[in-house]
Number of protein chains: 2
Amino acid sequence: MKRTFLYLILVSLSGLGNFLFAEDGSRLWLRFSDVTVNEKLFSGVSGRTDVFAASEFAHAWSQMTGDELLTQKHIADNSLIFALAKDKVVRNMRLSTEMKKLGDEGFLIRTITYQNKKLTLVAANTDAGLLYGSFHLLRMIQTNTFSDQIKVVEKPAYDLRILNHWDNLNGTVERGYAGRSIWKWDELPAKLSPRYEAYARANASIGLNATVLNNVNATPDILTTEYIQKIKALASVFRPFNIKVFISINFASPKQLGRLPDADPMRPEVQKWWKEKVKEIYRAIPDFGGFLVKANSEGLPGPMDYGRTHVDGANMIADALKPYGGLLMWRAFVYEPGDDRAKLAYKEFIGFDGKFRDNVIIQVKNGPIDFQPREPFSPLFGAMKRTPVMPELQITQEYLGHSNHLVFLAPMWEEVLKSDTFAFGKGSTVAAVTDGTFVKTKTTAIAGVANIGDDINWTGHHFAQANWYAFGRQAWSHQITSKQIAEEWTSMTFDKSQQTTKSSIVNCQLSIVEILLSSHETCVNYMMPLGLHHIFAWDHHYGPEPWCDIPGARPDWLPKYYHNASKAGIGFDRTDKGSNAVSQYFSPLREQFNNIEACPEKYLLWFHHVPWSHKMKNGRTLWDELCYRYDSGVQQVREYQKLWDKLESEIDSQRFAEVQSRLRIQARDAVWWKNAILLYFQTYSQMPIPFDIERPVHELDDLKKIKLDMKHHN
Amino acid sequence: MKRTFLYLILVSLSGLGNFLFAEDGSRLWLRFSDVTVNEKLFSGVSGRTDVFAASEFAHAWSQMTGDELLTQKHIADNSLIFALAKDKVVRNMRLSTEMKKLGDEGFLIRTITYQNKKLTLVAANTDAGLLYGSFHLLRMIQTNTFSDQIKVVEKPAYDLRILNHWDNLNGTVERGYAGRSIWKWDELPAKLSPRYEAYARANASIGLNATVLNNVNATPDILTTEYIQKIKALASVFRPFNIKVFISINFASPKQLGRLPDADPMRPEVQKWWKEKVKEIYRAIPDFGGFLVKANSEGLPGPMDYGRTHVDGANMIADALKPYGGLLMWRAFVYEPGDDRAKLAYKEFIGFDGKFRDNVIIQVKNGPIDFQPREPFSPLFGAMKRTPVMPELQITQEYLGHSNHLVFLAPMWEEVLKSDTFAFGKGSTVAAVTDGTFVKTKTTAIAGVANIGDDINWTGHHFAQANWYAFGRQAWSHQITSKQIAEEWTSMTFDKSQQTTKSSIVNCQLSIVEILLSSHETCVNYMMPLGLHHIFAWDHHYGPEPWCDIPGARPDWLPKYYHNASKAGIGFDRTDKGSNAVSQYFSPLREQFNNIEACPEKYLLWFHHVPWSHKMKNGRTLWDELCYRYDSGVQQVREYQKLWDKLESEIDSQRFAEVQSRLRIQARDAVWWKNAILLYFQTYSQMPIPFDIERPVHELDDLKKIKLDMKHHN
């Protein structure tokens, strides 16, 4: 309350409260000093006051109140108690049965009356569980949902909730749009940036418990003794926050680093090399997580270089990890020119089902192609019934406007995770076939490709923080809705507005949540509606280039491969008359996707080559509908600009201006997309853009000349 | 009819009639071969069949019908008769009284019954009158308004209807946006481009009868013997079309060319030099028109260089011209730093009223500043009660989007010409105080700065042809409305659509006329509404640069001089509390302009410095109204795009595409203007852009960096 008072003084001094505190966004959603909390909410903390969870809570409390949270030797009224299963308060309250269900990382938070005192109990089986409970309690305070009648039980959906950093050892980030890598490898292990701890805290606050430090396009160097020491230093920072460290490895490391003649998994010296290397790592980092491998994919080495299979390669390394409890995540993102690219991962891996070691897990991108604005789920989900499979989502917006576009990805991921594969009958959602419900495995996991860089606000776009946040929350619980996540994040990230009225705060949050929740569909509309995919520019995957034609290029790296536009129509025929990719799905999906009338229109051009004059369900022709979709994307972004600009007095000036500026870029880009796509496809459809639609303002020939100077790495 | 038949065959062969004939616009509004006319409309031509008018008509007729118009020795049924006043048919029809009223250039066209035959009579006092009658008759046929009950009497409002070419002898055009000069000085006099005749015909068809060949920023070279021969050659081409040739001269010519010590008008050698030079010209070109002079203006030499006055300078040259009936047009466009620029021409010239020779006419720009998108009329109109004054209009769109923006200028000129000066009481319009109604003069005149270049379509933008057309029509008659002109031009320029239905032609023309008539107000809205003026970029006068600040620049060449934006408000205080420019107007205008409540809002910021929160008549604040005006300009251009795109099947493909392309530029530019102006002035108003308005999509700082590579000359 002290802070509030001080704040009010400052506001009245300045006369312009909303411009008072420039905010750089560095605090993410952990803006404890902005939270108004009654100092008397807790009289003090008791129980396991020595656990890390308690110290994290106390630290936040002091930021919220300006006071220390006193440690109580004896329980008092309004005590906050941290307790483990064996503790007396848990036993006395007869919570043991419930506690058993929590597993290693779950927790309960409950208002109890104990020794005639009203208390708030946070209980778990492990320190990690208490940590998650502590952040959950903080979130309730931050979002103003704490009360004296709390009854919360939570446990995570997946065992491992992992960030994949595509960070290179030279400090660049592949598909990174928020500056350079946060890992300052040159300075490690001697110097530890304070950002490492902040990173770990942010992850813990949303339930993430693992990280892969380096790019899947890995260099062997990460396995040198020098780098192992650097990794060890990071692991030490992350350990209290219950974050396990993994690395991506290069399959050819034995050859490159170990100077062996090759990296053939059947060669005993290779196997030995891996065993020695793993041993070295675990000696340095006993709780090391394991490896992530991209092999025989996009030019990277792998077992097939030696006539071996993915199984041979994976199992060999898994055997090395096994003695230490290490996990091997092996990516299924493989494709070679030839058959329909959307079919290749399935074709390659389906025959290996049941053949991997039990500490191998296959990492599968959400869609069969590559993190497009919208894809149907990969048919590998549910198809491998005796193999652990983990979803790989992309938090960094490689294909969704980089850090310039405001696109909240939770709805897209929710759509994927809740998609029914029908693999084990109705209800076999992607979530359920990967979280252990149907496929019993030692470990379940979910990965998200990080959008974090060394920008002061971590993610470039302030709203891209919401995607980091959302990935953590969905990895913890796939029951939580995108709306809940949007509301939580907004409330935590923007609710500090003591200077405005309660109702203006509510309106502000309603606007932001409205923007967040519709933003993915908006992006799909102005980029690739109705199942269109991969019509991006060759290099940067930012702007449109459906015309892209590079002589000699791999056909499956060219947009025309995907859109197949001609005077006859547009779309990829994946029906049984085409590539028959539909056959990789279980019934009844396979029949539904195969039938142009039954196929959901959002996947229409993914599965069908469709005449321009095809009648859509709303009676429009395909061409007209395409036009309206693109235009609605444009109009929707303009609507976001209006909504945002209205909030100027509610938002600190720096974040307001920075988001405003990026929305302007997004509005221009949406027009660019619409103009480029419609003018280009119009050369095939030869139909007019419906006349009630705002007209293009560019010439196709000029748009074709645009060459952005955007590198993979920034 | 033959052509129609052939056309239909071609159309049915092609199957895509509207794409059949690419049109380059070179034929202007004289597209006779597209006109459908009954071959039997005229049985033949009789009367003065040897006049140029008859041969022009016959030439057009043959294009319309594919047949020759036969010369009839004796009058037959449906004869077309050209006759002069003294001819028998005129005398017999008792038309002599009417004929006297026609003056030198008027004509009448009448359906008469003569010798029991139904005839169409074109009669005039001169060959020139017959020529204008002939083109009037053709226009009636082109616009489908000819009937067998015609009764037309026409005579021009001004004696001289002049184009001013700002063409330099090196082939560039100052403020030219349609390629280089049409005058190929290097080739003259030996080679005569066929464009010279086409140019003369186009001018004659709309009643123009004079041209100033070269830039008012004139070089002495135009007066060399070599150039006089070139001018003579052009004059020969123009003569049959009743077009007189003038040139702009440099006041320092005697010094530069004649090697005299100076060009002091009081120096006898100077006077002699001019007399000799004029004599030389008239010897070569006996019907030479005279000179146009820009003196002591924007760095050009003039009598004030020698302590003499504009009167001294003008009268000296007028005396040289006098023996030959030559006219001297002396520009009042003078201003020096100091007092309010809008007052300076008046201040300089008002004292000279009545002091000029009778063959001097003062050429005054329509507004007191410089051809802005909208200005109130110059207070010199009506103020010089004993001096001939001629309006100077600008056809070339120096300040109205060059040849990229579709802006029909007739409504702007109509607004000026019909403005009441109150100089001689109510009804003393700008037209009436310059056309001889109130100020009796030997010669009345009106000039328009040409927008013609050597582009195949003459004017860059196909629709800029309409401004050339409109200037001619308004110079002929200031009674004609902009709507009539727009309808005529549209019908003549786009009506050739045999391939479409009658109703689609009507719709097409309605759309084009709708665009034309609202386009000036639209341009004002997205460039400079509410009396804002001269907030253009320094050099090119194309884009916005209200922030422009060039150290050491003349203050009256900087936008801030004109907009005066500050936190207190915006606008130029020209009331009696400010520069008192209002005092140069007659009552009751002066009081009306002086009073912020009475001042027309379209001139509000021209005459007043107005607080941002000022309440407009519609209840909005000034700031809000400014925002809505700019936005409505943007939305209106987008509406033009829709209207135009709908016409695709009605317009030939080349003109359709070229206009479509420029409308796209205009739409982008309108957004640029709106964003630049609102974001810049918002730094002063500190008020939000109303939230129902589409938001800016650029950053002010980025807009400030735009530097167009546009030269004065192209």
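Residues numbered from 1 in each chain as written. Chains lettered and ligands numbered in written order. Predicted model: local features only at pLDDT ≥ 70, side-chain atom pairs only at ≥ 80, totals over all residues. Heavy atoms only, no water.

**Re the relation of the copies chain A and chain B**
Stated formally: Superposing copies: least-squares fit, C-alpha atoms only, residues required to have pLDDT of at least 70 in both. Any two residues having at least one pair of non-hydrogen atoms within 4.5 Å are treated as being in contact.
Expressed as a screw operation, the relation of chain A to chain B combines 0.0 Å of axial shift with a rotation of 180°, fitting to an RMSD of 0.0 Å. What the rotation and shift describe, once combined, is the action of a two-fold rotation axis. Among all residues of chain A, the minimum C-alpha distance to the rotation axis is found for Arg668(A), at 5.4 Å. Counting the interface residues of chain A, we find that 100% of their copies in chain B are interface residues as well, pointing to one common contact surface.

**Details of the sheet that holds strand 8 (residues 244-249) of chain B**
Residues and elements named next belong to chain B. Stated precisely, the cut-off is as follows: For two strands to be treated as a pair, DSSP must find no fewer than two bridges joining them. A run of DSSP states H or I qualifies as a helix once it reaches four residues; a run of E qualifies as a strand once it reaches two. Both are numbered from the N-terminal end. Only the contacting stretch of a helix is used when fitting its axis, a line to C-alpha atoms as for every element, and angles between N-to-C directions run 0 to 180 degrees.
Read around the closed barrel, the 8 strands follow the order 6-7-8-9-10-11-12-13; overall the barrel is parallel. Adjacent strand axes in the sheet meet at a mean angle of 25°, parallel and antiparallel pairs treated alike. Where strand 9 (residues 290-293) meets strand 10 (residues 327-331), 4 bridges bridge the pair, whose relative direction is parallel. When the bridges of strand 10 are listed, leucine 292 appears paired with methionine 329. The strands touched by helix 10 (residues 310-321) within the sheet are strand 8, strand 9, strand 10 and strand 11 (360-365), with strand 10 carrying the most contacts at an inclination of about 160°.

**A few points about helix 6 (residues 194-205) of chain B**
In an α-helix there are 3.6 residues to a turn, and that puts residues three or four apart on one side. Residues and elements named next belong to chain B. Note the threshold: To estimate how far a helix should extend, the number of its residues minus one is multiplied by 1.5 Å. Three labels apply to residues, based on accessible area from a 1.4 Å probe with only protein chains included: buried if under 20% of the type maximum, exposed if over 50%, partly exposed otherwise in between. For this analysis, a polar contact is any N or O atom pair within 3.5 Å, provided that within protein one partner can donate a hydrogen and the other can accept it, and provided that sequence-adjacent residues contribute only side-chain to side-chain pairs.
Between its first and last C-alpha atoms helix 6 spans 17 Å; for 12 residues at 1.5 Å apiece the expected length is 16 Å, and the two agree. With 9 of 12 residues buried, helix 6 lies mostly within the body of the structure. Buried within helix 6 we find Arg195, Tyr196, Tyr199, Ala200, Arg201, Ala202, Asn203, Ala204 and Ser205. Capping the start of helix 6 is the job of one residue whose side-chain oxygen sits 2.9 Å from the backbone nitrogen of arginine 195: serine 193.

**Things to note about the side chain of Ser134(A)**
Along the chain, Ser134(A) turns up in helix 5 (residues 127-142). Not counting chain neighbours up to four residues away, the residues in contact with Ser134(A) comprise Ala53(A), Phe57(A), Phe82(A) and Val122(A).

**Section: the pairing of strand 10 (residues 327-331) of chain A**
All names here are of chain A. For strand 10, the buried fraction is high: 5 of the 5 residues fall into the buried class. Side-chain alternation along strand 10 places Leu327, Met329 and Arg331 on one buried face and Leu328 and Trp330 on a second face that is also buried. Both strand 10 and strand 11 (residues 360-365) contribute to a ladder of 4 bridges, which runs parallel. The partner of leucine 328 across the bridge, within strand 11, is valine 360.

**Some words on the confidence of the model for chain A**
Residues and elements named next belong to chain A. What counts, and what does not: Per-residue confidence from the predictor is given as pLDDT, running between 0 and 100.
Mean pLDDT for chain A: 94, with 96% of residues reaching 70 or above. The low-confidence segment residues 1-20 (pLDDT under 50) makes 31 contacts with residues lying over four places distant or belonging to another chain. Interface confidence for the predicted complex, given as ipTM, is 0.90, next to a pTM of 0.93.

**Considering the interface of chain A and chain B**
Selection rule: Values labelled buried area give the accessible surface lost by two parts on being combined, using a 1.4 Å probe and summing over both. Throughout this description, the term salt bridge denotes a Lys or Arg side-chain nitrogen within 4 Å of a carboxyl oxygen of Asp or Glu. Classification used: nonpolar for Ala, Val, Leu, Ile, Met, Phe, Trp, Tyr, Cys and Pro, charged for Asp, Glu, Lys and Arg, polar for all others including Gly.
Taken together, the contact between chain A and chain B spans 19 residues of the former and 19 residues of the latter. Contact between chain A and chain B buries roughly 2,000 Å² in total, counting both sides, with carbon and sulfur atoms accounting for 53%. Ranking the residues of chain A by area buried against chain B places Arg664(A), Phe691(A) and Arg695(A) at the top, with a combined share of 29%. At the junction of chain A with chain B, the criterion picks out 6 salt bridges. Note that Arg638(B) is salt-bridged to Glu694(A), the shortest N-O span being 3.3 Å. Applying the counting criterion to the chain A and chain B interface returns 16 residue pairs in polar contact (both at pLDDT 80 or more). Every element with two or more residues in the side of chain A that touches chain B is listed here: helix 19 (622-646) and helix 20 (653-685) of chain A. Partitioning the side of chain A that touches chain B into residue classes produces 6 nonpolar, 3 polar and 10 charged.

**Thoughts on the nonpolar core**
Filter applied, for reference: By convention a nonpolar core is built from buried Ala, Val, Leu, Ile, Met, Phe, Trp, Tyr and Cys residues, the set being connected through side-chain atoms within 4.5 Å.
Counting 451 residues, the largest nonpolar core has Phe291(A), Phe681(A), Phe291(B) and Phe681(B) as the members making the most contacts within it. Once you skip the residues sitting within four places of it in the chain, Phe681(B) turns out to touch Leu532(B), Ile535(B), Pro546(B), His563(B), Ala565(B), Ile570(B), Trp612(B), Trp623(B) and Leu626(B).

**Overview of the sheet that holds strand 1 (residues 44-47) of chain B**
All names here are of chain B. Here 5 strands make up an open sheet; going across it, the order is 1-2-4-3-5 and the pairing mixed. The sheet terminates laterally at strand 1 and strand 5 (151-154), the two strands that pair on one side only. Recorded for the sheet is a direction-independent mean angle of 25° between the axes of neighbouring strands. Here strand 3 (residues 107-114) runs beside strand 5; their pairing, made up of 4 bridges, is antiparallel. Bridge pairing links isoleucine 109 to valine 152 in strand 5.

**Topic: the environment of Asn507(B)**
Residue and element names in this part refer to chain B. With respect to the secondary-structure elements, asparagine 507 resides in helix 16 (residues 502-527). For asparagine 507, a relative accessible area of 45% puts it in the partly exposed group. In this structure, the C-alpha to C-alpha distance between asparagine 507 and alanine 657, residues 150 residues apart in sequence, is 19 Å.

**Comments concerning unusual backbone geometry**
Here the residue pair Ser587(A) and Pro588(A) is connected by a cis peptide bond, since its omega of 0° sits within 30 degrees of zero. Looking at the secondary structure, you find Pro588(A) in the loop between helix 16 (559-563) and helix 17 (589-594). Of note, the bond from Leu188(B) into Pro189(B) is cis; its omega dihedral lies within 30 degrees of zero at -5°. Assignment of secondary structure puts Pro189(B) in the loop between strand 6 (160-164) and helix 6. Phi at Asn78(A) is positive, roughly 65°, even though this residue is not glycine. You can see Asn78(A) is positioned in the loop between helix 2 (52-65) and strand 2 (79-84). On the basis of relative accessibility, which here comes to 36%, the residue Asn78(A) falls in the partly exposed class. Of note, His541(A) is a non-glycine position whose phi angle comes to about 55°, a positive value. Along the chain, His541(A) falls in the loop between helix 15 (502-527) and helix 16.

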